[in-house]
Amino acid sequence: MVVVPLAAAGYRRLTTEIAEHIATVGRLDRAELTVDPSGFTDDLSSAEEAKVWRDGIRVDDHTQAISGRTILLLADASSSQWPITVATAKLREAGATTVLPLLIHKRP
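(A) Looking closely at the pattern of salt bridges. Taken as a whole, this structure holds seven salt bridges when the rule is applied. Among the ionic pairs, Arg 30 bridges to Glu 20, the shortest N-O distance being 2.9 Å. Placement of the pair is Arg 30 in strand S2 (residues 29-30) and Glu 20 in helix H1 (residues 12-26), with a sequence separation of ten residues. Among the salt bridges present, the one from Asp 55 reaches Lys 51, with a minimum N-O distance of 2.6 Å. Separated by four residues within a single helix, Asp 55 and Lys 51 lie in helix H2 (residues 46-56), roughly one turn from each other. Owing to a relative accessible area of 46%, Asp 55 belongs among the partly exposed residues under this scheme. A single salt-bridge network, built from bridges that share partners, covers Arg 12, Glu 20, Arg 30 and Glu 32.

So this is what it looks like as structure tokens:
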């Protein structure tokens, strides 16, 4: 299993530290996503938000670490779930067999 943090709400330090702790305690591998949420605002339509996340999330050079593996995707906070949906799709495209999302805070 590979632990991947997703700072969808911008709490990069929080997601990174929790991911590191889970990986250390569970003796799991770690990988990273590149997240650029520029263009995200609270007043976007669902389709616009999905596009922002589709354009803003990239799986870096961790394809070998992800390919054929189960991923624990650790997200900080979200109300729409678009960041998790898009990140899951991109991880699957990179070869992950399963993506298990863990959301720290579900916003209203």
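(B) Broad picture of H1. The end-to-end C-alpha separation of H1 is 21 Å, in line with the 21 Å expected for 15 residues at 1.5 Å each. Taken together, the buried positions of H1 are occupied by Thr 15, Ala 19 and Ala 23. One side of H1 holds all its buried residues, which, seen down the axis, span an arc of 60 degrees. Away from its buried face, by an angle of more than 90 degrees, H1 presents the exposed residues Arg 13, His 21, Thr 24 and Val 25. On the buried face of H1, the contacting elements are strand S1 (2-6), S2 and strand S5 (70-78). Residue Arg 27 follows H1 closely and has a positive phi angle near 55 degrees.

Rules behind the numbers
Along every chain, residues carry numbers that run from 1 in the direction the sequence is written. Local features in this predicted model are restricted to residues of pLDDT 70 or higher, and side-chain atom pairs are both shown and tallied only at a pLDDT of 80 or more, whereas totals for entire chains, interfaces and linings draw on every residue. Processing note: side-chain calculations cover all non-hydrogen atoms of the structure and skip hydrogens and water entirely. Just to be clear on terms, a salt bridge is a Lys or Arg side-chain nitrogen sitting within 4 Å of an Asp or Glu carboxyl oxygen. What counts as a helix is a DSSP run of H or I of at least four residues, what counts as a strand is a run of E of at least two, and both are numbered from the N terminus. Relative accessible area decides the class of each residue, using a 1.4 Å probe on protein chains only: under 20% of the type maximum gives buried, over 50% gives exposed, and in between gives partly exposed. To estimate how far a helix should extend, the number of its residues minus one is multiplied by 1.5 Å. By arc we mean the arc of the directions from the helix axis to the C-beta atoms, nothing more. Contacts are assigned to residue pairs with any non-hydrogen atoms lying within 4.5 Å of each other.

Nothing here speaks to function; it is geometry throughout.
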